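In case you want the letters, here they are:
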Amino acid sequence: MDASSSITRTVVVNAPRSAVWAAITAPDKISQWFGQRTSLDLSVGGEAAFTWDEHGTARAVVTEVDEPNAFGFRWAADIDADPVVGNSTLVRFTLSEHAAGTELTVVETGFDTLDRDVADQKQAREANVQGWHAELDELVAYLHGVKA
């Protein structure tokens, strides 16, 4: 996979894996660090929506649920659009034990499959690089105050 078509970010969270799992899969907890409102049907094929007051709603479809190891979804690159081939990327969270708590890795792939020119694909990727950096920092801060 071409690194310019994907994003990978790993953080270590000083929290048990069960707490990290809940933070990435329970709508009320997701809304504490990822946007302001979340709806999520936690089953493969289930629909999800992540809403930021300043950006709008990103719609998604769940692609993987392997508690407490992995969670994935396909989400639309455009706000307020349904995720379909050509307008969406795949996000996958993996969780593993770490001496300091839990290691969480997020990989987002598929920017090179967006129905956009190369410059727009790169722009979409760069926006999400910045987004995952900020959002995962918020997740770490949120979880440092949560006990499972």
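Preceding block: the structure.
Figured I'd write up the structure that's included with this text. In this text, all values refer to a predicted model and were calculated from it rather than measured experimentally.

Cut-off values and rules
Residues numbered from 1 in each chain as written. Predicted model: local features only at pLDDT ≥ 70, side-chain atom pairs only at ≥ 80, totals over all residues. Heavy atoms only, no water. Phe/Tyr/Trp six-rings, centres within 6.5 Å; stacked < 30°, edge-to-face > 60°. Helix = DSSP H or I, 4+ residues; strand = E, 2+ residues; numbered from the N terminus. Buried < 20%, exposed > 50% of the residue type's maximum accessible area, 1.4 Å probe, protein only. Core = buried A, V, L, I, M, F, W, Y, C linked by side-chain atoms within 4.5 Å. Contact = heavy atoms within 4.5 Å. Pairing = 2+ DSSP bridges. Axes fitted to C-alpha atoms, helices over the stretch in contact; angles between N-to-C directions.

Below, the discussion takes up the packing of aromatic side chains. Taken as a whole and judged by the stated rule, the model has 14 aromatic pairs. Where Phe34 meets Trp52, the ring centres are 4.8 Å apart and the plane angle is 75 degrees; that geometry is what we call edge-to-face. One end of the pair, Phe34, is in the loop between α2 (27-30) and β2 (37-40); the other, Trp52, is in strand β3 (residues 47-52), with 18 residues separating them in the sequence. In terms of burial, Phe34 and Trp52 fall into one category: buried. Each ring, one from Phe73 and one from Trp75, has its centre 5.5 Å from the other, and the planes form 75 degrees; the classification is edge-to-face. Comparing Phe73 with Trp75 shows no difference in burial state: the two are buried. Taken together, the ring pairs in this structure connect Trp21, Trp33, Phe34, Phe50, Trp52, Phe71, Phe73, Trp75, Phe93 and Trp132 into an aromatic cluster.

Another point: the nonpolar core. Within the largest apolar cluster, 35 residues are counted, with the highest numbers of intra-cluster contacts made by Trp33, Phe50, Trp75, Phe93 and Trp132. Not counting chain neighbours up to four residues away, the residues in contact with Phe50 comprise Ile30, Phe34, Arg37, Thr38, Gly56, Thr57, Ala58, Ala60, Phe73 and Trp75.

Our next topic: the sheet that holds strand β4 (residues 56-66). One open sheet holds the 7 strands; their spatial order is β1-β7-β6-β5-β4-β3-β2, and the pairing between them is antiparallel. Looking along the sheet, the strands with just one partner apiece sit at the ends: β1 (6-13) and β2. Taking the axes of each pair of neighbouring strands and ignoring which way they run, one obtains an average angle of 20 degrees across the sheet. Where β4 lies against strand β5 (residues 70-76), 6 bridges are found, and the strand directions are antiparallel. The partner of Glu64 across the bridge, within β5, is Gly72. The sheet strands contacting helix α1 (residues 17-25) are β1, β2, β4, β5, β6 (88-98) and β7 (101-109), and the helix crosses β6 at an angle near 165 degrees. On the sheet, helix α3 (residues 118-143) packs against β1, β3, β5, β6 and β7 and is oriented at approximately 10 degrees with respect to β1.

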